[in-house]
Amino acid sequence: MASEACAAARALVASAHRITVLTGAGVSTDSGIPDFRGPDGLWTRDADAGLGATLDAYLSDPAVRRRSWRAKLDSPVWTAKPNAAHLALVELERSGRLRTVVTQNIDGLHQKAGSDPHRVLELHGTLHATVCLGCGATGPMRDALKRVADGEQEPDCPRCRGILKSATVSFGQELDGEVLRRARLAALDCDVLLVAGTSLSVQPAAGLVPLAAKAGAQVIICNAEPTPYDSVAAVVLHEPVADVLPDLSSVPPSGGGRFSSWGDPSTWS
Ligand SMILES: [Zn+2]
C-alpha cells in the first residue's frame, strides 16, 4: 500500500499510545461470514431470516423461534476461522498500544484469533451464548444447539422452561448498558480510534466515532464504502481491511513516548 492516505494512517499509528479499534461486519467477511446488512446480506436475500432478529416476532411466534434455531445450526460462524484482519489486531495488542476492541460482530472471531477477551467489547452481544428471556440465565450456545441437533425444535431454559435466545442484541432490544458505558470510555480515552469494516450506519455504535473525535482522538476509517462520519476522520481508507490492518499493525512505535511499553515481563532478563 503506497497511497498518501496509507502513509498518513501509518504515521498516526506510529505515534499512538492508546488505540481503540471499532470493528464491524467487513472484518469478518473474509472469514466467510456474510455482512447481514450488506447488498449480499442475509437480511436482503431472505426476509424470513431477519424475522428471528426482531425481539417482538421472536417472543410472539413459535414458528419464528424454530426457524431461528434451525438457521443457527447451519451458521457459518461455528466453523469460521479468524483472518488477517483479526490477527493483525492481536499483533497490535501485543505491541502494547491497542487498549480496546469494540466490535459490532457477534461471531467471537477476535477472541478466537487471540485478542484478550477482557479487551473485547461485544456491543451487539455474542452468538456463542444463550440467555433465557424469563429468568436471565445464560449458558453456552453449543448446549442448546446440541439439543436442536438431537431433534428439539425449540430448546427451552433448563432452569425455568422460559424462552431461550442467543445472547445477541436483536432489533428492538437495548444494548447492554455496562458494555456501552465501557465502549464510550474507550472512545474517550484513546489517542487514535481505528474504525474497520463498518459502514457506521447503526447507532449507538456509530456515535462512538464523533465522541472520540470530539475528545481529541485522531480517527482512521477503513471501509470499502464511504461512511456518514468520514468528515470527522483524519484519514479515510477504502482498501480492504485484510490488507490495511496488517500493514498498520506492523508499524513500529515512533519511540520516545511517555507511555512506551515495558513489554511482556516474562521476556525481561
Ligand atoms: Zn430461565
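Residues numbered from 1 in each chain as written. Predicted model: local features only at pLDDT ≥ 70, side-chain atom pairs only at ≥ 80, totals over all residues. Heavy atoms only, no water.

K.L.:
Quick one: what's the story with the overall build of the chain, residue by residue and with numbers?
P.N.:
Counting its secondary structure elements, the chain contains 11 helices and 9 strands. A total of 269 residues make up the chain; the buried ones form 45% of that total. Intrachain contacts of the chain at a sequence separation of at least 6 include 68% that bridge at least 24 residues. Here the chain has roughly 13300 Å² of accessible surface; of this, 53% comes from carbon and sulfur atoms. (Helix = DSSP H or I, 4+ residues; strand = E, 2+ residues; numbered from the N terminus. Buried < 20%, exposed > 50% of the residue type's maximum accessible area, 1.4 Å probe, protein only. Contact = heavy atoms within 4.5 Å. Areas by Shrake-Rupley, 256 points an atom, 1.4 Å probe, with all protein chains shown as cover.)

K.L.:
Go over the packing of helix H5 (residues 62–73) against helix H8 (residues 141–149), please, and point to the residues and values.
P.N.:
Contact pair H5 / H8: the axes reach a minimum separation of 10 Å and the direction vectors enclose 105°. In terms of their interaxial angle, H5 and H8 are classed as roughly perpendicular. Touching Trp69, Lys72 and Leu73 of H5 are Met141, Ala144, Leu145, Val148 and Ala149, all from H8. The residue makeup of the contact of H5 with H8, split by class, is 7 nonpolar, no polar and 1 charged. (Axes fitted to C-alpha atoms, helices over the stretch in contact; angles between N-to-C directions. Parallel < 35°, antiparallel > 145°, perpendicular 65-115°, else oblique. Nonpolar A, V, L, I, M, F, W, Y, C, P; charged D, E, K, R; others polar.)

K.L.:
Describe the environment of His238, with residues and values.
P.N.:
Among the structural elements, His238 can be located in the loop between strand S9 (235–237) and helix H11 (241–249). Between the alpha carbons of His238 and Glu225 there is a distance of 6.7 Å; along the sequence they are 13 residues apart. Ignoring sequence-local partners within four residues, the contact set of His238 consists of Asn223, Ala224, Glu225, Pro226 and Asp230. Looking at His238, its side chain comes within polar contact range of the main-chain oxygen of Asn223, at 2.9 Å. Side-chain polar atoms of His238 contact the backbone oxygen of Ala224, separated by 3.5 Å. (Polar contact = N/O pair within 3.5 Å; in protein donor to acceptor, adjacent residues only side chain to side chain.)

K.L.:
Can you lay out the nonpolar core for me, pointing to particular residues and giving the numbers?
P.N.:
Nonpolar side chains in soluble globular proteins generally cluster together in the buried interior. Judged by nonpolar contacts, the single largest core of 28 residues is most densely connected at Val13, Ile19, Leu194, Ile220, Leu237 and Leu245. Mapped onto this core, the elements with two or more residues apiece are helix H1 (4–15), strand S1 (19–23), helix H6 (84–94), strand S2 (98–103), strand S7 (192–196), strand S8 (218–222), S9 and H11. Of the residues forming this core, the biggest block, 5 residues, is contributed by H1. Non-local contacts of Ile19, meaning those with residues more than four positions away in its chain, are made with Val13, Leu92, Arg97, Leu98, Arg99, Thr100, Cys190, Asp191, Val192 and Leu194. With 22 residues, the next largest nonpolar core counts Leu121, Leu123, Val209 and Ala233 among its residues. (Core = buried A, V, L, I, M, F, W, Y, C linked by side-chain atoms within 4.5 Å.)

K.L.:
Just give me the short version of the UniProt feature "active site" (unreviewed entry) in the chain, but keep the residues and values in it.
P.N.:
Mapped onto the present numbering, the UniProt feature "active site" (unreviewed entry) falls at His124. Turning to its location among the elements, His124 is positioned in the loop between strand S3 (120–122) and strand S4 (125–132). His124 gets classed as buried once you look at its relative accessible area, which sits at 11%. A distance of 3.3 Å separates the side chain of His124 from the backbone oxygen of Gln104, its partner in a polar contact. (UniProt positions renumbered as here; feature names shortened; annotations may be inferred.)

K.L.:
Which residues make up the sheet that holds S2, and what values go with them?
P.N.:
Pairing between the strands of a sheet comes from backbone hydrogen bonds, and it takes one of two forms, parallel or antiparallel. Spatial ordering of the open sheet is given by S3-S2-S1-S7-S8-S9, a layout of 6 strands whose pairing is parallel. Looking along the sheet, the strands with just one partner apiece sit at the ends: S3 and S9. Averaged over all pairs of adjacent strands, the angle between their axes in this sheet comes to 15°, without regard to strand direction. In terms of strand pairing, S2 meets S3 through 3 bridges, oriented parallel. Bridged to Val102 within S3 is Leu121. (Pairing = 2+ DSSP bridges.)

K.L.:
Mind laying out the coordination of the zinc ion, listing which residues take part and the relevant values?
P.N.:
Only Cys132 (SG), Cys135 (SG), Cys157 (SG) and Cys160 (SG) from the protein coordinate the zinc ion, and they sit 2.3 Å from it. Around the zinc ion, the 4 donor atoms are arranged such that angles at the metal cover 100 to 115°; this shape is classified as tetrahedral. (Donors = N, O, S within 2.8 Å, 3.2 Å for Na, K, Ca; no water. Tetrahedral: all angles 85-135°; square planar, octahedral: opposite > 155°, others 65-115°.)

K.L.:
Any details on the UniProt feature "binding site: Zn(2+)" (unreviewed entry) in the chain? Residues and values, ideally.
P.N.:
Under the UniProt annotation, "binding site: Zn(2+)" (unreviewed entry) lies at Cys132, Cys135, Cys157 and Cys160. For the annotated residues, spread through 29 residues, the largest C-alpha to C-alpha distance comes to 8.5 Å, consistent with a single compact locus. With respect to the helices and strands, Cys132 occurs in strand S4. Overall, the relative accessible area of 3% leaves Cys132 in the buried class. Aside from chain neighbours lying at most four places away, what touches Cys132 is Ala137, Cys157, Cys160, Gly162, Ile163 and Leu164. Along the chain, Cys135 falls in the loop between S4 and strand S5 (138–140).

K.L.:
Explain the sheet that holds S4 to me, using residue names and the numbers behind them.
P.N.:
Spatial strand order, S5-S4-S6: 3 strands in an open sheet with antiparallel pairing. Unpaired on one side and paired on the other, S5 and strand S6 (164–168) mark the two borders of the sheet. In this sheet, neighbouring strand axes are inclined to one another by 45° on average, regardless of whether the strands run parallel or antiparallel. Across 5 bridges, S4 lies against S6 in antiparallel orientation. Bridge pairing links Gly125 to Thr168 in S6.

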